[in-house]
Structures are given as C-alpha cells and as structure tokens.
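What follows is the residue order along each chain.
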Amino acid sequence: MGRQSARLYFQGKDHKDIYFNGHYHDQMYLSDGKGNVTLVWEKVKDNLFEFTVNPESKLILSVWGNVHISWGDGQGIEVNNNGSLLSHQYGLSDSRFKVQITGEMTNIKFNPGSGMNGALSEVLTILPQSMKYTKDLGRIFSGCTNLMYIPERIFYNCIHVVSMENAFWACTSLKNIPVMLFSRCAFVEEFGGVFLRCSGLETIPEGLFAGCTKVKSFHNAFQYCQFSEIPEGLFAGCPDVEDFSALFFGCSKLITVPEKLFDNCPVVKDFSGLFCIGGLEAVPEGLFANCSDVENFASAFEYCQNIKGRVPELWRTHLHVKEHSRCFAACTKVSNYEEIPSTWK
C-alpha cells in the first residue's frame, strides 16, 4: 500500500469539527500502511452543563434549545423548546444526584416563577459554548437557596450577555463571589438585583466588575446583603452607571463606606434608597463629589439611625437635584441634623 497523507482543516467554527473528504467529522483515526492506528482525534464535547441536586426538593427549571437532560437517577428527557417549564421529583435518597444537560442549550433558568427552591446544590461546569450569543441571563440562578459555590469562569462563554438582572436573587447560602465571575461579560448593561437578598455573602472582591464598562444600572444589586465592607474600587471600571438606587438598601452590617466609591461614576442620576435602613455610622464628605448629574437622593439615608458626625451638605452641593424627600429622615444623631432643610428629612 502506498504512502498516504491527510490534511486536517480547522474551519474556525465553534464546533471545531474536522473537514475531510468533503464531510465534517467529530472523530478521525489515522493509521500507518499496516492498519495500525497512529493518531486518534475526537471532537471535545464542550456543550455539557452539569450540576448537583438535593433530592429533598423538586428540581424546577426552564431550558432553551435542543438538548438531552439526564436527571442522574436513571431517567432522562429530550427537550426541544423555548423555555417551557420542566420539573423532576426525586425519590428518597441520602445522596445528591448529578444532572447532565448535553446538546445545543442556548439558555437556562432555575425556579422560574416559583420563588425560592433548595434543589440546586452545586454547579460543576461552566455554561456551554452554545450560550455564546445569549443576551439575557436574568434570574438564571434566582432563588437557589442551597447554592454555595459558583465556578469562577461560569460565564466565560457568555460574551454577548446584556442583562444579569436578579441572576443570584436570594441565593442565601452563597458566601463568596469569584473575582473573575464577570470578566468576560463586557456588554452587560443591567446588574439590577444581581445579588439581592444574598444574606450569606461575606465579602465582595474589588475587581468583580472591572471589565463591565457598559453597565447602566446597579439598582438593588446588594439589597439586604450582610457583608461588613465595600472595596473602594468596586465600581471604578463602570463609568456609565446611571442608576444606583437601593444599592445597599437594608445592609445592616455595613457601617463604613469608602469615600472614593463613586469617584469614577460621573453620570449617575439615581441614588434613591442608597443606604436606606442600613447600619452606616458615618458618611464621607466627598462620597458624591464626582457625581454632579444626580437627580434623585430620595430616602438615600432614611432610617440610618446610627450615623454620627456630619453628613455631606447635599442640599448645597447638588442644587439641581429634583427629588430628595426623606433623604436624611430619622438620622437624628448626625451633628448637623438641625442644618438639614425640612424638605431633605
């Protein structure tokens, strides 16, 4: 048998199949003249999403795309839809079940329309490459009360996502956020409620939003979280933010705030409810120094009853503000409380 050769063409497609002899192949074997295999190539099955489930709770989710779901208990289902509600009830067991979703999944959301649910335990893989063009990841893990760990690169393939609204709402068991979580999400505009009611969060990494330069809104993003510190550069890479309303609403353990927290956010318009009913003990004089476009300070510090010392004279530095009712309501311990105009308290 004469010597033969083959040229393998990688066409730059997402699936990285090999084009040979006029066809695409997901496997190829090369052999020598005696039929002995000398090279084996196999397509990497990267459109796989895996997670573990607590059997005590019914698993409820919506999936978009053409996929196969293996529930981990010997049962499975073929799915080809655009987000129809799916559920699976497990039998009594002391073990967690590993769920595998394979195929062209374009989106997934846990607990859609069902509030809180403890079924999802741990996410084992990043979201698949088939979600590359997904724009809306809002409420993806919303209400997953037993979710304790997020893979650092879980959104690595989601490079076109625009909304992360309420993505981790009420993930109360989540204690830490990976610093690179959103590192590939450069087009996100909406982070509203992204960690709302994540009461177990202990820290926020400073570079969490470093590459998210197009964000417009962080409204309610950390509402009712119970961490005690905010990194000074948390929003340093987000110059286009317009809405910080209720950002740290109800954060009772947060007693200090870095003076330069909003220094690189010059176009903010809404700070309403910013630290409302929180635990702040002091407000830095220059906290809003670079935010000259603010239109709304309503209830920004309402019922922050632990604030002592002076508060910034926003009624003098931000004369163009349209709404400021109850901005300092019930902040009776501040040393310049009597100087605050009645329309601001």
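Fair warning: this is a prediction, and the values are worked out from it, not measured in the lab.

*Asks:* What is the right way to read the overall build of the protein from this model?
*Replies:* Across its full length, the protein carries 1 helix and 10 strands. Across the 345 residues that make up the protein, the buried fraction comes to 49%. Intrachain contacts of the protein at a sequence separation of at least 6 include 77% that bridge at least 24 residues. In the form shown here, the protein has an accessible surface area of approximately 16300 Å², with 48% of it arising from carbon and sulfur atoms.

*Asks:* What is the right way to look at the nonpolar core in this model?
*Replies:* Nonpolar side chains in soluble globular proteins tend to end up buried together. Ranked by size, the top nonpolar core spans 98 residues in total, and within it Phe 141, Phe 155, Phe 168, Phe 182, Phe 195 and Phe 301 carry the most contacts. At the level of secondary structure, the elements contributing two or more residues to this core comprise strand E6 (48-53), strand E7 (59-70), strand E8 (76-88), strand E9 (97-110), strand E10 (120-123) and helix H1 (314-317). Beyond its immediate stretch of four places on either side in the chain, Phe 141 contacts Phe 110, Leu 120, Val 123, Leu 147, Ile 154, Phe 155, Ala 167, Phe 168, Trp 169 and Cys 171.

*Asks:* Would you mind showing me how to read the packing of aromatic side chains here?
*Replies:* Describing an aromatic ring pair means giving the distance of the ring centres and the angle of the ring planes. A full pass over the atoms with the stated rule returns 39 aromatic pairs. The interplanar angle of 10° and the centroid separation of 5.8 Å between the aromatic rings of Phe 182 and Phe 209 together place this pair among those described as stacked. Placement of the pair is Phe 182 in the loop between E10 and H1 and Phe 209 in the loop between E10 and H1, with a sequence separation of 27 residues. Phe 209 carries the same exposure label as Phe 182, and that label is buried.

*Asks:* Which parts of the structure should I look at to understand the environment of Gly 72?
*Replies:* Secondary-structure assignment places Gly 72 in the loop between E7 and E8. Placed 28 residues apart in sequence, Gly 72 and Gln 100 show a C-alpha to C-alpha distance of 7.3 Å. Those residues in contact with Gly 72, other than ones at most four positions away along the chain, are Phe 97 and Lys 98.

*Asks:* Honestly, the pattern of salt bridges in this entry has me stumped. Any pointers?
*Replies:* Two side chains that carry opposite charge are able to pair once their charged atoms sit near each other. Across all of its chains, the model carries 6 salt bridges by this definition. Here Arg 310 and Glu 313 are joined by a salt bridge, their closest N and O atoms 2.7 Å apart. For Glu 313, the salt bridge identified is with Arg 316, shortest N-O distance 2.9 Å. Look at the salt bridges and you will find they share partners, linking Arg 310, Glu 313, Arg 316 and Glu 339 into a network.

*Asks:* Help me understand unusual backbone geometry, please; the structure alone is not making it clear to me.
*Replies:* Excluding glycine, a negative phi dihedral is what most residues carry, and trans is how most peptide bonds are arranged. Backbone geometry at Arg 139 places phi at a positive 65°, although glycine is not the residue there. Inspection of the secondary structure puts Arg 139 in the loop between E10 and H1. For Arg 139, a relative accessible area of 37% gives the class partly exposed. A positive phi angle is found at Ala 170, which is not glycine, with a value near 60°. Turning to its location among the elements, Ala 170 is positioned in the loop between E10 and H1. Since its relative accessible area comes to 0%, Ala 170 is described here as buried.

*Asks:* I tried to follow the sheet that holds E8 on my own but got confused; where do I start?
*Replies:* Consider a sheet: its strands pair through backbone hydrogen bonds, and that pairing is either parallel or antiparallel. Taken together, the 5 strands give an open sheet; going across it, the order is E8-E7-E9-E6-E10, and neighbouring strands pair in antiparallel fashion. What marks the edges here is a single partner per strand, and that holds for E8 and E10. Taken over all neighbouring pairs, the strand axes of this sheet differ in orientation by 60° on average, direction set aside. Taken together, the 10 bridges between E7 and E9 define a ladder with antiparallel strand orientation. If you follow Val 63 over to E9, its bridge partner there is Ile 108.

*Asks:* Whenever I open this one, the pairing of E8 confuses me. Can you help?
*Replies:* Sheet faces and side chains relate simply in a regular strand, where the side chains alternate between the two faces. Relative to E8, E7 runs antiparallel, the two being bridged by 11 bridges. When the bridges of E8 are listed, Ser 62 appears paired with Leu 85. Between the end of E7 and the start of E8, which pair antiparallel, lie 5 residues, with Gly 72 showing a positive phi angle near 90°.

Cut-offs used in this document
Residues numbered from 1 in each chain as written. Predicted model: local features only at pLDDT ≥ 70, side-chain atom pairs only at ≥ 80, totals over all residues. Heavy atoms only, no water. Helix = DSSP H or I, 4+ residues; strand = E, 2+ residues; numbered from the N terminus. Buried < 20%, exposed > 50% of the residue type's maximum accessible area, 1.4 Å probe, protein only. Contact = heavy atoms within 4.5 Å. Areas by Shrake-Rupley, 256 points an atom, 1.4 Å probe, with all protein chains shown as cover. Core = buried A, V, L, I, M, F, W, Y, C linked by side-chain atoms within 4.5 Å. Phe/Tyr/Trp six-rings, centres within 6.5 Å; stacked < 30°, edge-to-face > 60°. Salt bridge = Lys/Arg side-chain N within 4 Å of Asp/Glu carboxyl O. Pairing = 2+ DSSP bridges. Axes fitted to C-alpha atoms, helices over the stretch in contact; angles between N-to-C directions.

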